[in-house]
Amino acid sequence: MSKAVGDSERAINGFMSVAQLLEEPRLARLYTYILREGEVTIDEVVADLELPRTTAYSDTGTLVHLGVLDRDEAQKTHTYAAIPISLTADLDGNEYTITPTLIEAVGRSPRDQDLDLLIEKHGIGKLAAAVTYAVPYVDGKMSERVAARELELSPAFGIATLHALREVILDMRAHDPYFEQIRNARDYPPDEDG
């Protein structure tokens, strides 16, 4: 296979892997848990995430198949390690990078009413936009009211969303190798024309 064919195939497979993580919060949660922990066994996944053993085996197998986890079979007890991933899209000259931080926010949504409601009412795109506002909010460079207004959310709902994302930002800053590539709404304000 030529290098060009291999690169195209790898790129599309990577895109599909990121898409599946954004569509399946349970897989997103497992992926970012392993990313934060470094290396885990199935027993640790079962204990820490309170997953049934069959689900833990099935989901880690899915993530290995997607190419976002490595399985080390050198010892009797297999270990799993996350492969850091990012996906950058360029839309009309505006670049946006999906990093493990957004994947973590998706993974938390089933256990966080505010994130879950944001996705239900506005979609993952709005969650991605909220992450870009959560970064300067957490850094003390933007007020929660300004961020909520810019996101076009009611003040109470916008603030609740930012509070939920605050924990995501604080937890992922040290573990997301692509954290600095997250678009910061303070540095890149919304396009007035678009």
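Note that the structure is predicted; figures quoted are calculated from it, not measured.

Counting 54 residues, the largest nonpolar core has L21, Y31, I34, V45, L63, L127 and L165 as its most contacted members. For this core, the leading source of residues is helix α7 (residues 124-138), giving 9 residues. Aside from chain neighbours lying at most four places away, what touches L21 is L27, A28, Y31, L63, V68, I85, I103 and V106.

This next bit is on the UniProt feature "domain: DUF7437" (unreviewed entry) in the protein chain. The positions UniProt marks with the feature "domain: DUF7437" (unreviewed entry) are residues 110-173. Helix and strand shares over residues 110-173 are 78% and 0% respectively, and the end C-alpha atoms of the span are 21 Å apart.

This part takes up the UniProt feature "domain: Transcription regulator TrmB N-terminal" (unreviewed entry) in the protein chain. When the UniProt feature table is mapped onto this chain, "domain: Transcription regulator TrmB N-terminal" (unreviewed entry) is found at residues 28-85. In residues 28-85, the share of helix is 55% and the share of strand is 14%. The end C-alpha atoms are 12 Å apart.

The next thing to look at is the environment of L63. Inspection of the secondary structure assignment puts L63 in helix α4 (residues 53-66). Sequence separation of L63 and I83 is 20 residues, and the distance between their C-alpha atoms is 10.0 Å. When sequence neighbours within four positions are dropped, the list of residues in contact with L63 reads L21, L27, L30, Y31, V68 and L69.

For the rest of this paragraph, the subject is unusual backbone geometry. With phi around 55°, E50 is a residue other than glycine that occupies positive phi space. Residue position: E50 is located in the loop between α3 (42-49) and α4. According to the relative accessible area criterion, E50 is exposed, its value standing at 71%. Positive phi, normally seen in glycine, also occurs at D92, with a value near 55°.

Of the strand pairs in this sheet, strand β1 (residues 69-72) and strand β2 (residues 79-82) are connected by 4 bridges, and their pairing is antiparallel. Bridging from a neighbouring strand, D70 pairs with A81 of β2.

Axis angle and axis distance: for two packed helices, these are the angle between their axes and the distance between the axes, and together they describe the pair. The contact between helix α5 (residues 100-108) and α7 brings their axes to 10 Å, and the two run at 125°. By the criterion of interaxial angle, the relationship of α5 to α7 is oblique. Crossing hand, α5 versus α7: right-handed. Mapping the contact onto sequence places T101, L102, A105 and V106 in α5 and I124, L127, A128 and V131 in α7.

Buried within α3 we find I42, V45, V46 and L49. The buried residues of α3 occupy an angular sector of 100° when projected down its axis, which confines them to one face. Just past α3, the residue E50 takes up positive phi, approximately 55°.

Before going further, it helps to examine a negative patch on the surface. Among the surface-exposed residues, E37, E39, E44, D48, E50, D70 and D72 lie close enough to one another that they form a single negatively charged patch. Mapped onto the negative patch, the elements with two or more residues apiece are α3 and β1. Here D48 is to be found in helix α3. Under the relative-accessibility criterion, D48 is labelled partly exposed at 45%.

Conventions adopted
Residues numbered from 1 in each chain as written. Predicted model: local features only at pLDDT ≥ 70, side-chain atom pairs only at ≥ 80, totals over all residues. Heavy atoms only, no water. Core = buried A, V, L, I, M, F, W, Y, C linked by side-chain atoms within 4.5 Å. Buried < 20%, exposed > 50% of the residue type's maximum accessible area, 1.4 Å probe, protein only. Helix = DSSP H or I, 4+ residues; strand = E, 2+ residues; numbered from the N terminus. Contact = heavy atoms within 4.5 Å. UniProt positions renumbered as here; feature names shortened; annotations may be inferred. Pairing = 2+ DSSP bridges. Axes fitted to C-alpha atoms, helices over the stretch in contact; angles between N-to-C directions. Parallel < 35°, antiparallel > 145°, perpendicular 65-115°, else oblique. Left-handed = near helix turned anticlockwise from the far one by under 90°. Arc of directions from axis to C-beta. Patch = residues over 30% accessible without salt bridge, like charges linked within 9 Å, V, L, I, M, F, W, Y side chains within 5 Å. Areas by Shrake-Rupley, 256 points an atom, 1.4 Å probe, with all protein chains shown as cover. Salt bridge = Lys/Arg side-chain N within 4 Å of Asp/Glu carboxyl O. Lys, Arg positive; Asp, Glu negative; His and termini not counted. Charge placed at Lys NZ, Arg CZ, Asp CG, Glu CD.

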